[in-house]
Amino acid sequence: MGEDENQRLFFALWPDEGTRERLATLAVDDIIGRRVSGDNLHVTLAFLGSVDKQVRACAEHVASQVKAQSFTLQLDEVGYWRKPRILWVGASQLPLPLVQLLSSLDDGLSTCGLKPERREYRAHVTLARKVHKPIAHRSINPILWPIDSFVLVESRTLPAGASYQVLRTWFLGDN
Ligand code: 2AM
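Criteria and cut-off values
Per-chain numbering applies: the sequence of each chain, read as written, is numbered from 1 onward. Per-residue local features of the predicted model are confined to residues with pLDDT of at least 70, and side-chain atom pairs are confined, for both listing and counting, to 80 or more; whole-chain, interface and lining totals are unaffected and use all residues. Only hydrogens and water are set aside when side-chain values are computed; all heavy atoms of the structure are taken into account. Strands here mean DSSP runs of E at least two residues long; helices mean DSSP runs of H or I at least four residues long; both are numbered from the N terminus. Relative accessibility thresholds used throughout: buried, under 20% of the residue-type maximum; exposed, over 50%; partly exposed, between the two (1.4 Å probe, protein chains only). Pairing of aromatic rings covers Phe, Tyr and the six-membered ring of Trp, with a centre-to-centre limit of 6.5 Å; geometry is then stacked below 30 degrees between planes, edge-to-face above 60, and tilted otherwise. To be near a molecule or strand, a residue needs just one of its heavy atoms within 4 Å of it. N or O atoms closer than or at 3.5 Å make up a polar contact, with two conditions inside protein: a donor-capable atom paired with an acceptor-capable one, and, for residues adjacent in sequence, both atoms drawn from side chains. Any residue with an atom within 4 Å of a point lines the site, the site being either a cavity, points on a 1 Å grid over the protein atoms alone where a 1.4 Å probe fits but cannot get out, or a pocket, an open set with protein on both sides within 12 Å along at least 5 of 7 lines. Any molecule with more than half of its atoms within 2 Å of a cavity's or pocket's grid points is counted as sitting in it. Following the grouping adopted for this structure description, the nonpolar residues are Ala, Val, Leu, Ile, Met, Phe, Trp, Tyr, Cys and Pro, the charged ones are Asp, Glu, Lys and Arg, and the polar ones are all others, Gly among them. In short, DSSP must find at least two bridges between two strands for them to pair. The criterion for a disulfide is a pair of cysteine sulfur atoms lying within 2.5 Å. Here a helix's expected span is defined as the number of its residues, less one, multiplied by 1.5 Å. Here the arc refers to the set of directions running from the helix axis out to each C-beta atom. Pairs of residues are marked as contacts when any of their non-hydrogen atoms sit within 4.5 Å.

### Considering unusual backbone geometry
Phi angles above zero are rare outside glycine, and Arg-85 is one such case at about 55°. Mapped onto the secondary structure, Arg-85 falls in the loop between strand 4 (71-81) and strand 5 (86-90). Residue classification places Arg-85 among the partly exposed positions, given a relative accessible area of 33%. In this structure, Lys-130 takes a positive phi of about 50° despite not being glycine. Mapped onto the elements, Lys-130 comes out in the loop between strand 6 (124-129) and strand 7 (138-147).

### A closer look at the packing of aromatic side chains
Scanning all chains against the criterion turns up five aromatic pairs. Aromatic side chains Phe-10 and Tyr-164 sit 5.4 Å apart centroid to centroid with 85° between the ring planes, which places their arrangement in the edge-to-face category. Within this pair, whereas Phe-10 is found in strand 1 (residues 7-13), its partner Tyr-164 is found in strand 9 (residues 161-171), the two being separated by 154 residues in sequence. Per residue, the accessibility class of Phe-10 equals that of Tyr-164, and both read buried. With a centroid separation of 4.9 Å and an interplanar angle of 35°, the aromatic rings of Trp-81 and Trp-88 are classed as tilted.

### Considering the site of the ligand
Every residue near the ligand is listed here: Phe-10, His-42, Thr-44, Phe-47, Ile-86, Glu-117, Arg-119, His-124, Thr-126, Arg-129 and Tyr-164. Within the side chain of His-42, an N or O atom sits 2.6 Å from an oxygen atom of the ligand. At 3.5 Å from a nitrogen atom of the ligand is found a side-chain nitrogen or oxygen belonging to Arg-119. Cavity membership is defined here by more than half of the atoms lying within 2 Å of grid points; on that basis the ligand lies in the largest pocket. Within the residue set of the shell around the ligand, elements represented by two or more residues are strand 3 (43-51) and strand 6. When residues in the shell around the ligand are grouped by element, the largest group, three residues, is from strand 6. In terms of residue class, the shell around the ligand is built from four nonpolar, four polar and three charged.

### Points about the pairing of strand 6
Summarising the sheet, strand 2 (residues 34-35) and strand 6 pair through two bridges and their orientation is antiparallel. Considered in strand 6, the bridge of Arg-35 is made with Ala-128. Direction of pairing for strand 5 relative to strand 6: antiparallel, over a ladder of four bridges. What sits directly across from Val-89, in strand 6, is Val-125.

### Regarding the state of the cysteines
Counted under the stated rule, the structure contains one disulfide. Shown here is the disulfide that connects Cys-58 with Cys-112, its sulfur atoms set 2.1 Å apart. Measuring the twist about the S-S bond at about -85°, one finds the Cys-58-Cys-112 disulfide to be left-handed. Highlighted residues: Cys-58 in helix 2 (residues 53-65) and Cys-112 in the loop between helix 3 (96-111) and strand 6, separated in sequence by 54 residues.

### Section: helix 2
Compared with an ideal rise of 1.5 Å per residue, which puts 13 residues at 18 Å, helix 2 spans 19 Å between its outermost C-alpha atoms and is within 8% of the ideal. Within helix 2, burial applies to Val-55, Ala-59, Glu-60, Val-62 and Ala-63. Buried residues in helix 2, looked at end-on, bunch into an arc of 155°, giving them a common side. Of the residues in helix 2, the exposed ones pointing more than 90 degrees away from the buried face are Lys-53 and Gln-54. In this structure, the buried side of helix 2 is in contact with strand 1, strand 3, helix 3, strand 8 (149-158) and strand 9. Where helix 2 begins, one side-chain oxygen reaches toward the backbone nitrogen of Gln-54, 3.2 Å away; that side chain belongs to Asp-52.

None of this, on its own, says anything about what the molecule does.
And the structure:
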């Protein structure tokens, strides 16, 4: 299969309308950068990179085997990372079901030939890119995000910027 048939994929938490609205309207100082459009807001769980059909099928199988409960993600801090120059809103604590979801995905994806991320996992939503002026890392009035599913997303780079398309959804267990 040719490289051009590969897809750039990642697993993510995708916000419901209410959470999307709260994220899109979260006021954080004066952002000197490019705010991520509401449609693109998400938390990355695992980044697969550019993969072929077989790896995608393997990753979807892994996702279907995940056993984790629904949970609420509490986004309670904002910060800035200098190297990627992004401004983010994140969770200072990882709920246990999220830890279980992440480890099931990582363990499974390694059987698909994908390398796990080495950096410590930080649950965050990128709010703005190409940010040149840092903001102070601080707590915020938490955004409570009820999560009952996770998704597989394709990332495409268009002249207008990144476009993300949700390909498939898997539901978590009821509490
Ligand atoms: P970011 O928001 O922190 O930049 C689609 O590109 C998503 O995958 C984004 O949420 C991005 O995280 C994340 N991502 C992009 N490249 C990545 C990489 N090499 N490793 C881990 N995550 C990555």
